[in-house]
Amino acid sequence: NAGVTQTPKFRVLKTGQSMTLLCAQDMNHEYMYWYRQDPGMGLRLIHYSVGEGTTAKGEVPDGYNVSRLKKQNFLLGLESAAPSQTSVYFCASSYGTDSNQPQHFGDGTRLSIL
Amino acid sequence: GNSVTQMEGPVTLSEEAFLTINCTYTATGYPSLFWYVQYPGEGLQLLLKATKADDKGSNKGFEATYRKETTSFHLEKGSVQVSDSAVYFCALEGASGYSTLTFGKGTMLLVSP
């Protein structure tokens, strides 16, 4: 029972490089989310998706793009990485808006931008 | 907008001590409230939740009561263990719109034997 799987787990990039973080869930969840976690800041929502083919901006969307081409996958892209994007990124998924359907989190991707 | 304020850590306790981590919130309407726990190197896990005023969420010996009058959702445990060492996040889900969570900054708990 994999739940939410994030790849890669660690990555180091140079400023200006691009990369894509992959999130995959096997729970048939409709909703998927990308957060970043920074020291003393808690988790902040970057983008989210309420279903296949949909995306929406969260609290801190600038510098990121996302795609949800398949229900089970949610990709987070950095087109031109900046040091300010050094963070731990978490993906989550849930069935829907009902609070009885909590979000399930992956183990995170630690990204360093030099 | 919605916001969550937690007490700053780290909170350092000896095993079997009583734990309280304060959480207050600002939101319109009647949000749902959650406590998540993050163990080292892992993602967040739902610890407990409450969906309406005066509800008490509980799990693994932890409890929190949804207090509308004080806009609070404080986390308590009567006797902590070393294995409870983790970062605890208070969060709310707005009463309207999609299921997006607003998190507090997290409180680190360190329990020594």
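This section reports on the structure supplied with the text. Since the structure is predicted, the reported quantities are computational estimates derived from the model, not experimental observations. (Residues numbered from 1 in each chain as written. Chains lettered and ligands numbered in written order. Predicted model: local features only at pLDDT ≥ 70, side-chain atom pairs only at ≥ 80, totals over all residues. Heavy atoms only, no water.)

Thoughts on the pattern of salt bridges
Within the structure shown, the criterion is met by six salt bridges over all chains. Put simply, Arg-36 of chain A and Asp-38 of chain A hold a salt bridge, and the shortest N to O gap is 2.8 Å. A relative accessible area of 9% places Arg-36 of chain A in the buried class. The salt bridge involving Asp-55 of chain B is made with Lys-52 of chain B; its shortest N-O contact spans 3.4 Å. Ionic contacts of the salt-bridge type, sharing partners, join the residues Arg-36, Asp-38 and Arg-44 of chain A into one network. (Salt bridge = Lys/Arg side-chain N within 4 Å of Asp/Glu carboxyl O. Buried < 20%, exposed > 50% of the residue type's maximum accessible area, 1.4 Å probe, protein only.)

Observations concerning unusual backbone geometry
Note the cis peptide between Thr-7 of chain A and Pro-8 of chain A, where omega equals -10°. Within the secondary structure layout, Pro-8 of chain A lies in the loop between β1 (4–7) and β2 (10–13). Omega for the bond connecting Gly-9 of chain B with Pro-10 of chain B falls within 30 degrees of zero, at 0°, which places this linkage in the cis form. With respect to the helices, strands and loops of the structure, Pro-10 of chain B is situated in the loop between β1 (3–6) and β2 (11–14). Despite not being glycine, Asp-54 of chain B shows a phi value in the positive range, around 75°. On the basis of relative accessible area, Asp-54 of chain B is assigned to the exposed category, the value being 54%. If you check the backbone angles, Lys-60 of chain B has positive phi at about 55° while not being a glycine. Structurally, Lys-60 of chain B can be placed in the loop between β7 (56–59) and β8 (62–65). (Helix = DSSP H or I, 4+ residues; strand = E, 2+ residues; numbered from the N terminus.)

Description of the interface of chain B and chain A
The interface is formed by 21 residues belonging to chain B together with 22 residues belonging to chain A. For the pair chain B and chain A, the summed buried surface comes to about 1700 Å²; carbon and sulfur atoms form 58% of the total. For the pair chain B and chain A, the interface holds zero salt bridges. Here chain B is connected to chain A by two residue pairs in polar contact (both at pLDDT 80 or more). The set of elements that each furnish at least two residues to the side of chain B that touches chain A consists of β5 (32–38), β6 (44–50), β10 (86–93) and β11 (101–103) of chain B. Split by residue class, the side of chain B that touches chain A holds eight nonpolar, nine polar and four charged. (Contact = heavy atoms within 4.5 Å. Buried area = accessible area lost by both parts, 1.4 Å probe. Polar contact = N/O pair within 3.5 Å; in protein donor to acceptor, adjacent residues only side chain to side chain. Nonpolar A, V, L, I, M, F, W, Y, C, P; charged D, E, K, R; others polar.)

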